Amino acid sequence: MVARVRTVAFQGIEAVPVDVQVMIAPGKVNMHIVGLPDKAVAESRERVQAALHASGLSMPSKKVTVNLAPADLPKEGSHYDLPIALGLMAALGAIPGDMLAGYVVLGELSLDGTITAVAGALPAAIGANAEGKGLICPFACGPEAAWAGKDFDILAPRSLIAIANHFRGTQVLSRPEAGIRAAPRDLPDLADIKGQETAKRALEVAAAGGHNLLMIGPPGSGKSMLAQRLPSILPPLAPKELLEVSMIASVAGELGEGKLTDRRPFRAPHHSASMAAMVGGGLRARPGEVSLAHHGVLFLDEFPEFTPQTLDALRQPLETGDCMIARANHRVTYPARIQLVAAMNPCRCGMAGEPGYRCLRGERCRTDYQARISGPLLDRIDLRIEVPAVSASDLIRPDRAEKSADVALRVGRARALQRERFERLGVSSATTNAHCSPAIIETIAMPDAAGLSLLKDASEKLAFSARAYHRVLKVARTLADLDASETVGRIHLAEAISYRMSAERVAQAA
C-alpha cells in the first residue's frame, strides 16, 4: 500500500505541487527518502522517527521508502517533515489516508512531536486554495495562511498528536484568524528635520510619483534622516500589493508571528552587501534586498561605497520591476518594483563644494569618487538633489517644520489621481507615474505649448537620452498631480528639469 500526501516546493513565490508517496514493504529495516532531496530533507528521516516515537508510535520493522514526486525537481527545506510523517502515519493506519487527500501539508517537526513554523505558508495556502484543497500547517503559520481566503479550510495543529486526534474526531481544531500587525506609531516624522526645504520638496515629489531619488551632500546634512522619514509619507499598501509583498516575505521567512502589515517595506542594506544579498541568490535562490523592498523603498546609504558590480545589477530591476536569478539547473523570478533612494557624499573627504573648504586633492577627489556610479544607473534616477549643510540659524529656529501627516495627505491625493487615471486607460501594470510605459506617459503628460518649447530646448542643451526625456515627463506629470492640474505646464517641466540638471554634473564625472 502506498500512502499519498500533497505538499509543495517553492520556485520563487510560486508553490509547485509535490506528491509525497510513502510505502512500507518487506526488507531491511530502514527509511529511504528519494526524489532529489537536499540535506535538510534527507535529515528529516531522523526528525520524523523521533517525533513519531515521542507521539507514541513506533517505526515499522520493515523497509520504508519515501518518494518525492516529481523526482527531477530539487526538494529543499524542512517543510517536508510533516507531510512525510503524516504519510507514514496513514500507511501505518494511525490516521485515515483518505482524509489527507483534500489537504496540502507543510511543516517542520521537533523531536518531541511539536510542529514548528516554516517559510512559505502564504504562497502554499494560495496555491492550495487555487486547487480547491485545504491546508495543514504549523500553528504559528495559521494567521498567515488564513489570508488565502475566508472560506479556505485550514488546520493549524501544534503537534502530531493534535492532528491525529482531529482526524479521529476526539479533538476539533479551530480555524485560525488572519493576523494583522498594528501599524507602528513611532515612525520618524518630517517635523524633526530643520531646514532642507528643497530636499523635503523633492522627497514629497518622489513619494507622490514613486520616483527614484539621489541625495548628494556633506556628512551631517540630513540625507539619511530624510530617507528614513520617507515611509511616514507613503500611502499604505493596496490589497493586491499587500499580498505580493507578504508572499515574498513569507518565502524569505520574514513574516513576524505570521502577521501581515500594510506598511510599505523599507530596506537599508549595508554597503558591504554582496550581489547575491542585493538581487537574490544563494543555494536556495532566496529573494534579495531588491525583492524584499517590492512596492516599497530600497535605501542605499553611502551609494558609491557599494561595489560597481552590485550597483549595476540594480539596472534591470529598476527598468523591468522584476529580478531574475538564473542558475544552471533552474531559473527563478521575483517581483522587484522598488523605489530607489540613495545618499552619497560629493567626494571621498565629503566636503567638496562647501564654502571655506578646499580639498587637497582638488577636483580629482570629486570626479574619482562620483565615477564609481555608472552613467546608465544614474540615467534611471529621476530626482537628484544637492543637500547642503544645515546652517546654525536653521538649527536654533524654535518653530517646528511641517508634519509628515500633512505631507502624506497631499501624497495620497496625488496617488489617487494617478490610480484613477490608469484605471480609466485600462492600464493594470502601473499605479504610479514612475512605472508607466513611455507610450502612456507621452499621452497623459503632453505639455502645453510653452512647456513643450522648454522641454525641447532643455533636451538639446543637456543632451537627454530617450529614457531621461520620458523620466522628465513622468516627474512633471507628478508635479502637476500635486497641484491637481490636468495639464502639464511650463512651471512643472521647469522644476522637473531642475532635478535632472543637478545630476548631469555627476553624470559627466561618471
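Nothing here was measured: the structure is a model prediction, and the numbers come from that model.

About the thresholds
Residues numbered from 1 in each chain as written. Predicted model: local features only at pLDDT ≥ 70, side-chain atom pairs only at ≥ 80, totals over all residues. Heavy atoms only, no water. Buried < 20%, exposed > 50% of the residue type's maximum accessible area, 1.4 Å probe, protein only. Helix = DSSP H or I, 4+ residues; strand = E, 2+ residues; numbered from the N terminus. Pairing = 2+ DSSP bridges. Phe/Tyr/Trp six-rings, centres within 6.5 Å; stacked < 30°, edge-to-face > 60°. Salt bridge = Lys/Arg side-chain N within 4 Å of Asp/Glu carboxyl O. Contact = heavy atoms within 4.5 Å. Axes fitted to C-alpha atoms, helices over the stretch in contact; angles between N-to-C directions. Left-handed = near helix turned anticlockwise from the far one by under 90°. Nonpolar A, V, L, I, M, F, W, Y, C, P; charged D, E, K, R; others polar. Core = buried A, V, L, I, M, F, W, Y, C linked by side-chain atoms within 4.5 Å.

Draft legend 1. Representation of helix H7 (residues 160–168) within the structure. Burial within H7 is extensive, with seven of its nine residues counted as buried. Taken together, the buried positions of H7 are occupied by Leu160, Ala162, Ile163, Ala164, Asn165, His166 and Phe167. Following H7 by one or two positions, Gly169 adopts a phi angle in the positive range, close to 90°.

Draft legend 2. Focus on the sheet that holds strand E15 (residues 339–344). Ordered by their spatial adjacency, five strands build an open sheet running E11-E12-E15-E10-E16, and the pairing between neighbours is parallel. Each edge of the sheet is formed by a strand with only one pairing partner; in this case those strands are strand E11 (266–267) and strand E16 (383–386). Pairing geometry for strand E10 (residues 213–216) and E15, over four bridges, is parallel. The partner of Leu213 across the bridge, within E15, is Val341.

Draft legend 3. Representation of the packing of aromatic side chains. Under the defined criterion, the tally for this structure stands at two aromatic pairs. Ring geometry for Tyr103 against Phe167: centres 6.3 Å apart, planes inclined by 65°, an arrangement best described as edge-to-face. Taken together, the residues Tyr103 in strand E5 (residues 103–105) and Phe167 in helix H7 connect sequence positions 64 residues apart. With respect to class, Tyr103 is no different from Phe167; both count as buried. Ring geometry for Phe266 against Phe299: centres 6.1 Å apart, planes inclined by 25°, an arrangement best described as stacked. One end of the pair, Phe266, is in strand E11; the other, Phe299, is in strand E12 (residues 297–300), and 33 residues separate them in sequence. Judged by relative accessible area, which is 4%, Phe299 ranks as buried.

Draft legend 4. Geometry of the pattern of salt bridges. According to the stated counting rule, one finds 22 salt bridges in the structure shown. Among the salt bridges present, the one from Arg267 reaches Glu289, with a minimum N-O distance of 2.8 Å. Of this pair, Arg267 sits in strand E11 while Glu289 sits in helix H12 (residues 289–292), and the two are 22 residues apart along the sequence. Grouping residues by exposure puts Arg267 and Glu289 together as buried. Where Asp382 meets Arg471, a salt bridge forms, and the shortest distance between an N and an O atom there is 2.7 Å.

Draft legend 5. Representation of unusual backbone geometry. Here the residue pair Ala69 and Pro70 is connected by a cis peptide bond, since its omega of 5° sits within 30 degrees of zero. Within the fold, Pro70 resides in the loop between strand E4 (63–69) and helix H3 (81–92). At Gln196, a position not held by glycine, the phi torsion is positive, near 55°. The topology assignment puts Gln196 in the loop between H7 and helix H8 (197–209). The exposure class assigned to Gln196 is buried, which follows from its relative accessible area of 10%. The phi angle at Ala484 is positive, at roughly 55°, despite the residue not being glycine. Its location among the elements puts Ala484 in the loop between helix H21 (466–482) and helix H22 (490–509).

Draft legend 6. Looking closely at the environment of Leu255. Relative to the helices and strands, Leu255 resides in the loop between helix H10 (239–251) and E11. Relative accessible area serves as the criterion here: at 17%, Leu255 is assigned to the buried category. Expressed as a C-alpha distance, the spacing of Leu255 and Glu144, which sit 111 residues apart in the sequence, is 8.1 Å. Residue contacts for Leu255: discarding those within four places in its chain leaves Glu144, Arg181, Ser246, Ala249, Ser250 and Leu260.

Draft legend 7. How the structure looks around the packing of H8 against helix H18 (residues 404–425). Packing of H8 against H18 leaves a shortest axis separation of 8 Å and a crossing angle of 35°. Pair H8 / H18 crosses with right-handed handedness. Side by side, H8 and H18 meet where Glu204, Ala207, Ala208 and Gly209 of the first sit next to Val407, Arg410, Val411, Ala414, Arg415 and Gln418 of the second. For the contact of H8 with H18, the per-class residue count stands at five nonpolar, two polar and three charged.

Draft legend 8. Region of the structure containing the environment of Val205. Among the structural elements, Val205 can be located in helix H8. Val205 gets classed as buried once you look at its relative accessible area, which sits at 0%. Note: C-alpha distance between Val205 and Leu479 (274 residues apart in sequence) is 6.7 Å. Once you skip the residues sitting within four places of it in the chain, Val205 turns out to touch His211, Leu383, Val475, Thr478, Leu479, Leu482 and Tyr499.

Draft legend 9. Geometry of the nonpolar core. Ranked by size, the top nonpolar core spans 50 residues in total, and within it Leu213, Met215, Leu226, Leu230, Val341, Ile385 and Leu493 carry the most contacts. Val18, Val22, Ala51 and Ala94 belong to the second-largest nonpolar core, a separate cluster that totals 41 residues.

Draft legend 10. Expanded view of the side chain of His470. Inspection of the secondary structure assignment puts His470 in helix H21. When neighbours within four sequence positions are excluded, His470 is seen to be in contact with Pro438, Ile441 and Glu442.

Any functional reading would require information beyond the geometric quantities listed.
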